[in-house]
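# An overview of the molecular structure
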Amino acid sequence: NGKYRRPYKLWTPDYRTPMQGNLLWVYEGQTSFWDLVIAGRSGMQSKEMILAEWATNAANYSVQAGRDWRSVEDTTLDPVIAARKARAFPSATRTEDYYNEGALMWLEADMIIRQGTNDAKSLDDFAKAFFGGKGGDWGEVTYDFDDVAQTLNAVYPCDWPKFLRDRMQLPGQPAPVAGIERAGYRLVWRDVPNAFDRDKMKNAKNFELTHSLGLTIDKDGVAGSILWNGPAFRADIVNGTRILAVDGMSYSKERLEAAIRAATDGKTPVRLLVERGGRYRSVDIDYHGGLRWPHLEKTGAGPDWFDRLLAPKRAL
């Protein structure tokens, strides 16, 4: 993936010819899909953690304003035009979403194939056909959009060109939860973090409040990752704003959690004292939805398609 099979615009005859990554949603989308699936099949990662990561990714895309104007494929330009530098409002501009949204698209493709063939085939069959090389041949075989669609169609007949174009090349698409829903789950919100968000916050030593106040707060109380048009954004909080106090008391994660819970009465704002650039001000955030983190919840008594996807495979 990306070596033996490489998008044709990423294969260049010399260093004068620029690479173009428009099919990175195949290359890196497949990488991001299989790294979780194979980790689950091998026992290196738990099903709980894998589903939690998919929940977090799908939830983040559900509130991403940049989806209205920018396609997933367009984000393949980011390594060149943005150089992976920090930006003020990534939720409005999007970043390299071909990784994780690509993975969610491939999850949906897997479920379409499994359910259409009564679990006789899956994306495993696509991977074997598409990435399987010739023994001892270490050359490169490039591919284009049509090669991807044709290989999928050979596994399971479907209008794959439309499927891929709609999800990867068109802006303004719904949040990528169709694969989750086909697997018999739904995205829900709870007042405790899922396993992925819990461990991510512990590792980063920050407080992730994207789906409540619409920001992340680091260990020093400094706000970042401001959600475009979220509650913090509407209160004129921007990246680099330091939260000094909550309800008149010095800032702590626990006090902010308590304030968010208290605001669920529908009338009490989340009251903060903040500082940026030497200027201090009091801020009342008009938010009453409580603490919210995404989770995946099984919807019915049918087969658990995630169990089938993550089932260990016998070596050939």
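Scroll up a little and you will see the structure.
Note that the coordinates shown come from a computational prediction; the quantities given were computed from them, not determined experimentally. (Residues numbered from 1 in each chain as written. Predicted model: local features only at pLDDT ≥ 70, side-chain atom pairs only at ≥ 80, totals over all residues. Heavy atoms only, no water.)

Attention now goes to the sheet that holds strand 5 (residues 215-217). Strand order in the open sheet formed by three strands is 4-5-6, and the pairing between neighbours is antiparallel. Strands at the two margins of the open sheet, each flanked by one partner only, are strand 4 (207-209) and strand 6 (223-224). The pairing of strand 5 with strand 6 spans two bridges and is classified as antiparallel. If you follow T216 over to strand 6, its bridge partner there is G224. Packed onto the sheet, helix 12 (residues 253-262) meets strand 4 and strand 5 and runs at close to 20° relative to strand 4. (Pairing = 2+ DSSP bridges. Helix = DSSP H or I, 4+ residues; strand = E, 2+ residues; numbered from the N terminus. Contact = heavy atoms within 4.5 Å. Axes fitted to C-alpha atoms, helices over the stretch in contact; angles between N-to-C directions.)

A few words on the nonpolar core. Among the nonpolar cores identified, the biggest contains 51 residues, and W25, F33, W54, W106 and F306 are the most heavily contacted of them. Broken down by element, this core gets its largest block of residues, nine residues, from helix 5 (residues 100-116). Discounting chain neighbours no more than four positions away, the residues touching F306 are K47, L51, W54, L107, M111, I180, A183, Y185 and L296. Within the second largest apolar cluster, 28 residues are counted, among which are L215, I217, A259 and I260. (Core = buried A, V, L, I, M, F, W, Y, C linked by side-chain atoms within 4.5 Å. Buried < 20%, exposed > 50% of the residue type's maximum accessible area, 1.4 Å probe, protein only.)

Bridging between strand 7 (residues 242-246) and strand 9 (residues 270-276) involves four bridges; their strand directions are antiparallel. Pairing of V246 across the sheet is with L272, part of strand 9. One ladder, built from two bridges, connects strand 7 with strand 8 (residues 249-250); its direction is antiparallel. The residue of strand 8 that forms the bridge with V246 is M249. As consecutive antiparallel partners, strand 7 and strand 8 are separated by two residues, and within that stretch D247 has a phi angle of approximately 55°, a positive value.

So, on to the environment of R186. By secondary structure assignment, the location of R186 is in strand 3 (residues 185-190). Taking relative accessible area as the criterion, R186 reaches 41% and is therefore assigned partly exposed. It is 5.4 Å that separates the C-alpha atoms of R186 and E297, two residues lying 111 residues apart in sequence. The contact partners of R186, leaving out residues within four places of it in the chain, are I180, H295, L296, E297 and T299. For R186, the side chain forms a polar contact with the side chain of E297, separated by 2.7 Å. (Polar contact = N/O pair within 3.5 Å; in protein donor to acceptor, adjacent residues only side chain to side chain.)

We now examine a nonpolar patch on the surface. On the surface, a cluster of nonpolar side chains totalling about 330 Å² of accessible area is made up of L77, V80 and I81. Mapped onto the fold, V80 is located in helix 3 (residues 78-81). (Patch = residues over 30% accessible without salt bridge, like charges linked within 9 Å, V, L, I, M, F, W, Y side chains within 5 Å. Areas by Shrake-Rupley, 256 points an atom, 1.4 Å probe, with all protein chains shown as cover. Salt bridge = Lys/Arg side-chain N within 4 Å of Asp/Glu carboxyl O.)

A word on the sheet that holds strand 9. With antiparallel pairing, four strands are arranged side by side in an open sheet as 8-7-9-10. Here the strands that pair on one side only, and so sit at the sheet edges, are strand 8 and strand 10 (279-285). Packed on one face of the sheet, helix 12 meets strand 7, strand 8 and strand 9 and runs near 135° to strand 9.

Time to look at the packing of aromatic side chains. Summed over the entire model, instances satisfying the criterion amount to 16 aromatic pairs. Relative to F233, the ring of F89 lies with its centre 5.5 Å away and its plane at 75°, an arrangement referred to as edge-to-face. Of this pair, F89 sits in the loop between helix 3 and helix 4 (90-93) while F233 sits in helix 11 (residues 231-234), and the two are 144 residues apart along the sequence. Between W106 and F126 the ring centres are 5.5 Å apart and the planes differ by 25°, which places this aromatic pair in the stacked class. Linking W106 in helix 5 with F126 in helix 6 (residues 123-131), this pair joins segments that are 20 residues apart in sequence. No difference in accessibility class separates W106 from F126, as the two residues are buried. Taken together, the ring pairs in this structure connect F33, W34, W54, Y185 and F306 into an aromatic cluster. When the ring centre of W189 is taken as origin, the NZ or CZ atom of R292, which lies over that ring, is 4.2 Å away. (Phe/Tyr/Trp six-rings, centres within 6.5 Å; stacked < 30°, edge-to-face > 60°. Lys NZ or Arg CZ within 6 Å of the ring centre and 35° of its normal.)

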